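Listed here are the chains, written in short residue letters.
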Amino acid sequence: MKNATLTKSNATVWNPRIGLWRRLGSGHCVSVSKNQSVHSGPEAAMKLLICAQRNDFTGVNAMRVLEGLRKTQFVGNSPNQGGFRWYIEETDLQDDHAVFFNGMSLLVLWAGHSDAFNTAERLLMRDILCDAGQFCLQRMRQDRVYYPNEYLGYAVCAYLAAEFFDDASSSLPEIIERLETSMDYWLANGWGWGEHLSNIYGRVCLDELSILLLFAEKLPDVLHAKAKQLFIDLHRLETEFHNGPRVPTIRDYSFTNIPRGLFYPDLIKPLPTDMTFEPYLGEGSRLPVCSAPFLTAAAEVWYPLGASLHQNGWHDKLGSMLNHDRPTSTPANDDVEPIEFTTQCFNDITAHSYVNQNVRMGSLSEFPIMPTMEGLNAGLSWQCFPIATWVQSHLWSYMQWATVENGTKRSHPAREKRTAYLHNSLTDTVIPPLVGRTYCLQHGPELLCLRYMPRLSLRWQSLVDQVRLIHDPSVRMHQNNFEHWCSLEVSADDRRLYYAHTAPPQWRSPTPVLKPAKAIAESKTHEMTVPWAVEYLADPAISMPIAASIWAVSLDKAIESQPVFQTLPTTVQAPPNVDTPAFTLEWRMARHHWNVVVDLNSPMPLREC
């Protein structure tokens, strides 16, 4: 391995005084968001793993790197004993996921590459991992099993540290019990808040399960069987989504880029000879960690953790039990038969997906999917796409709420990653945070959805509900306005997407406006962004009982007919949650004759008659 690959690539340089790599620019945590440079622990653990994989530590002192990682770890009598600061420049614990990103690299180093280290280095690595394992057990005791990549990361690090090191083995029975309980929960409840529908964190869960299944030698048979079933279920989704992005998407950073797909077994391969740390942006901006994809000099994707999994027999021990049937290229439309399927999520909510190799459309029947998703400083709505449409290399579109409060712009999903990490709620003034509601019905490549904001903040200068379209310069758009409704035709390659907006007269919803295209500064592929937006609060002369709209999407078939509304008699006995009547909507489209009831005071606000 060339020394320059590890020490100077991507504006980083190894700092032997600290033992970590110095990266130009700020960090993602609040306390380092304005720094000129940072030293990242998870990045250093990843690069130490790569050195061991290549058996080449040229220009890098392994002991100094381990000592640098130890400096980022809380030791002594700290309440965060065993946890890690992500950056050495931080003074407190702000992103405790550093513990399992560090932990995955170090556990794989211990299990698969320990002969690359001397006795003193192994002793320090053991101390780091034992303390990290105890921290992870403390986090497991918080019982946030609905957060699968996090909880599974804690569990794998805690379990393997306890199995590897005798002095931690007293914790093993509790870890096993908690791990089994969490696995039962994920099997029964659609992975909690739904990271099996994440292009990024579904793969992190596969990493964590791979490490557990490959390196745990004393895992009880019942636990091994459940881990294997979860592993197979996650991989099944890889296959169903045809080596492409998940639609809909829960937890992703594709705010300003057209996402691409990565097929997990393809990432389990030796390190390339032309590796770089140029980030792979097919799924949005990523932090440099062992489970992040990078690009080679030839623009091929490579995966740091994948090399160790490959070296330790992943394809024989795990890959052999998987179904690898999926398209291996990107054929024309007629070469792959479209498939349609549903994926179970929490609380009987389902994701509906219509998937072809070069076009796909998906929706969640209800979003948010659980109340524990949102907080003022953390949440899921800023990184979730409950309605999403994709045309390969040309278009990525999704529904988005956007607000302006005291001059600050916020949105769900986010406009871009960095600012959203630091400010992800739509308002600072309402607790619990305000979150827009989405309810969808989908039949094949056609869907109908209800979107509304249950409450409004008095501090908002603007509230917008919009289709956000990320596209290449070849895409063309045309809007048609009719009485009570309007449509947008989007031409992307040889595909046509049709969006429509309507609302009953009682809601007095404004007509969407197609805003001018803007180049995306962060994009390296010359993509543009266009919002087709309904702005509710911009005109004080418009007095509306509620911020709500009906939206429709159709693939290749135009939406041409008039929606017909009919108000229903009031039947609610208790005071209504929303002071607006229920109504029926009849809307005949090319493929499906929609006949639905819309009732914001019902547990099912959108349902077919």
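Look up a bit, the structure's there.
Residues numbered from 1 in each chain as written. Predicted model: local features only at pLDDT ≥ 70, side-chain atom pairs only at ≥ 80, totals over all residues. Heavy atoms only, no water.

S.K.: Explain the overall build of the chain to me, please; I cannot follow it from the model alone.
M.R.: The number of helices and strands found in the chain is 13 helices and 29 strands. In summary, the chain has a C-alpha radius of gyration of 25 Å against a globular reference of 25 Å for 609 residues, a match within 12%. With the principal axes as the frame, the chain shows a C-alpha extent of 80 × 50 × 50 Å. A buried classification covers 61% of the 609 residues belonging to the chain. Pairs at least 24 residues apart make up 67% of the contacts formed inside the chain by residues separated by at least 6 positions. When the accessible surface of the chain is split by element, carbon and sulfur atoms take 49% of a total near 23,500 Å². Across the chain, the 52 positively charged side chains and the 64 negatively charged ones have centroids separated by 6 Å. (Helix = DSSP H or I, 4+ residues; strand = E, 2+ residues; numbered from the N terminus. Rg over C-alpha atoms; globule rule 2.2 N^0.38 Å. Buried < 20%, exposed > 50% of the residue type's maximum accessible area, 1.4 Å probe, protein only. Contact = heavy atoms within 4.5 Å. Areas by Shrake-Rupley, 256 points an atom, 1.4 Å probe, with all protein chains shown as cover. Lys, Arg positive; Asp, Glu negative; His and termini not counted. Charge placed at Lys NZ, Arg CZ, Asp CG, Glu CD.)

S.K.: For this particular structure, what's the right way to read the packing of helix 8 (residues 201-215) against helix 9 (residues 221-240)?
M.R.: Between two packed helices, what matters for the description is the angle formed by their axes and the separation of those axes. Interhelical geometry of helix 8 versus helix 9 gives an angle of 145° and a closest axis separation of 10 Å. Handedness of the crossing formed by helix 8 with helix 9: left-handed. Each of Gly202, Cys205, Leu206, Leu209, Ser210, Leu212 and Leu213 in helix 8 lies in contact with helix 9, whose residues at this interface are His224, Ala227, Lys228, Leu230, Phe231, Leu234, His235 and Glu238. Looking at the contact of helix 8 with helix 9 residue by residue, the classes come out as 9 nonpolar, 4 polar and 2 charged. (Axes fitted to C-alpha atoms, helices over the stretch in contact; angles between N-to-C directions. Left-handed = near helix turned anticlockwise from the far one by under 90°. Nonpolar A, V, L, I, M, F, W, Y, C, P; charged D, E, K, R; others polar.)

S.K.: What should I look at first to understand the packing of aromatic side chains in this one?
M.R.: The description of an aromatic ring pair uses the distance of the two centres, along with the angle that the planes make with each other. One pass over the full model with this rule turns up 31 aromatic pairs. Ring plane angle 65° and centroid distance 5.8 Å describe the contact between Tyr264 and Trp314, whose orientation is recorded as edge-to-face. In this pair, Tyr264 sits in helix 10 (residues 264-267) while Trp314 sits in helix 12 (residues 314-317), placing the two residues 50 residues apart along the sequence. Centroid distance Phe277 to Phe294: 5.3 Å. Interplanar angle 85°. Geometry classified as edge-to-face. Here Phe277, found in strand 5 (residues 275-279), pairs with Phe294, found in strand 6 (residues 294-296); they are 17 residues apart in sequence, far enough to count as distant. Here Phe277 and Phe294 have matching classes, each one buried. By the ring-pair criterion, three or more aromatic residues cluster together here, those being Tyr201, Tyr253, Phe255, Trp382, Phe385, Trp396 and Tyr398. Above the plane of the ring of Phe277 lies Lys47, whose end atom (NZ or CZ) is 4.6 Å from the centre. Positioned above the aromatic ring of Tyr201, the side-chain terminus of Arg251 is 3.9 Å from the ring centre. (Phe/Tyr/Trp six-rings, centres within 6.5 Å; stacked < 30°, edge-to-face > 60°. Lys NZ or Arg CZ within 6 Å of the ring centre and 35° of its normal.)

S.K.: Whenever I open this one, the sheet that holds strand 26 (residues 564-567) confuses me. Can you help?
M.R.: The strands that make up a sheet are held in pairs by hydrogen bonds between backbone atoms, and each pair lies either parallel or antiparallel. Read across the open sheet, the 4 strands follow the order 26-27-28-29; overall the sheet is antiparallel. Edge positions in the open sheet fall to strand 26 and strand 29 (606-608), since each of these has one partner strand only. The mean inter-strand angle of the sheet, taken between neighbouring strand axes irrespective of direction, is 25°. As defined by bridge partners, strand 26 adjoins strand 27 (residues 583-588) across 4 bridges and the pair is classed as antiparallel. The residue bridging Val564 from the neighbouring strand is Glu586, located in strand 27. (Pairing = 2+ DSSP bridges.)

S.K.: Is there a simple way to think about the side chain of Thr529 in this case?
M.R.: With respect to the helices and strands, the residue Thr529 is situated in strand 24 (residues 528-535). Setting aside chain neighbours within four positions, we find Thr529 in contact with Arg468, Leu469, Ile470, Pro516, Ala517, Lys518 and Ile520.

S.K.: I'm lost on the side chain of Asn15 in this one. Help?
M.R.: Along the chain, Asn15 turns up in strand 1 (residues 12-15). Polar side-chain contacts of Asn15 include one of 3.4 Å to the side chain of His39. (Polar contact = N/O pair within 3.5 Å; in protein donor to acceptor, adjacent residues only side chain to side chain.)

S.K.: Mind showing me how you'd approach helix 11 (residues 304-311) here?
M.R.: Residues spaced three or four apart along an α-helix point in a common direction, a consequence of the helix completing one turn every 3.6 residues. Most of helix 11 sits out of view: 6 of its 8 residues are buried. Among all positions of helix 11, only Pro304, Leu305, Gly306, Ala307, Ser308 and Leu309 are buried. A positive phi of about 85° marks Gly313, the residue just after helix 11.

S.K.: Which parts of the structure should I look at to understand the state of the cysteines?
M.R.: A covalent bond bridging the sulfur atoms of two cysteines is what the word disulfide describes. One pass over the full model with this rule turns up 0 disulfides. Of all cysteine sulfurs in the structure, the one in Cys157 sits closest to Cys205, which takes part in no disulfide; the separation is 13 Å. (Disulfide = S-S within 2.5 Å.)

S.K.: Where do I start with the sheet that holds strand 11 (residues 366-367) in this structure?
M.R.: Spatially, 11-16-17-25-21-20-19 is the arrangement adopted by the 7 strands of the open sheet, whose pairing is antiparallel. The open sheet is flanked by strand 11 and strand 19 (476-482), the only strands paired with a single partner. Note: strand 11 against strand 16 (residues 437-443), 2 bridges, orientation antiparallel. Its bridge partner lying in strand 16, Phe367 is registered against Thr438.

S.K.: Looking at this structure, I do not really get the pattern of salt bridges. What am I missing?
M.R.: Tallying each qualifying case throughout the model produces 21 salt bridges. Arg139 is the salt-bridge partner of Asp96, the closest N and O atoms lying 2.6 Å from each other. A residue pair is termed long-range when its members are at least 10 positions apart, and Asp96 in the loop between helix 3 (62-72) and helix 4 (98-113) and Arg139 in helix 5 (residues 119-140) qualify at 43 residues. With respect to burial, Asp96 and Arg139 carry one shared label: buried. A salt bridge links Asp143 to Arg178; the nearest nitrogen and oxygen atoms lie 3.0 Å apart. Residue Asp143 is found in the loop between helix 5 and helix 6 (148-164), and its partner Arg178 is found in helix 7 (residues 172-188); the two are separated by 35 residues along the sequence. (Salt bridge = Lys/Arg side-chain N within 4 Å of Asp/Glu carboxyl O.)

S.K.: I keep staring at a positive patch on the surface and nothing clicks. Help me out?
M.R.: On the surface, a cluster of positive charge is made up of Lys409, Arg415, Lys515 and Lys518. Within the secondary structure, Lys518 sits in strand 23 (residues 518-519). Judged by relative accessible area, which is 58%, Lys518 ranks as exposed. (Patch = residues over 30% accessible without salt bridge, like charges linked within 9 Å, V, L, I, M, F, W, Y side chains within 5 Å.)

S.K.: Just to check I follow, could you spell out the packing of helix 7 against helix 9 for this structure?
M.R.: Here helix 7 crosses helix 9 at 35°, and the two axes come no closer than 10 Å. For the pair helix 7 and helix 9, the crossing hand works out as left-handed. Together, Ile176, Leu179, Glu180, Met183, Asp184, Trp186 and Leu187 of helix 7 and Val222, Leu223, Lys226, Ala227, Gln229, Leu230 and Asp233 of helix 9 make up the contact between the two elements.

S.K.: Honestly, the nonpolar core in this entry has me stumped. Any pointers?
M.R.: Most often, soluble globular proteins have nonpolar side chains that are buried together. Among the nonpolar cores identified, the biggest contains 104 residues, and Tyr159, Ile211, Leu212 and Trp314 are the most heavily contacted of them. It is helix 6 that provides the largest number of residues to this core, a total of 11 residues. Ignoring any residue separated from it by four or fewer positions in sequence, one finds Ile211 in contact with Met104, Val108, Val156, Leu160, Ala216, Leu305 and Leu309. The next biggest cluster of nonpolar side chains, apart from the first, holds 37 residues, and it includes Leu197, Leu380, Trp382 and Ala414. (Core = buried A, V, L, I, M, F, W, Y, C linked by side-chain atoms within 4.5 Å.)

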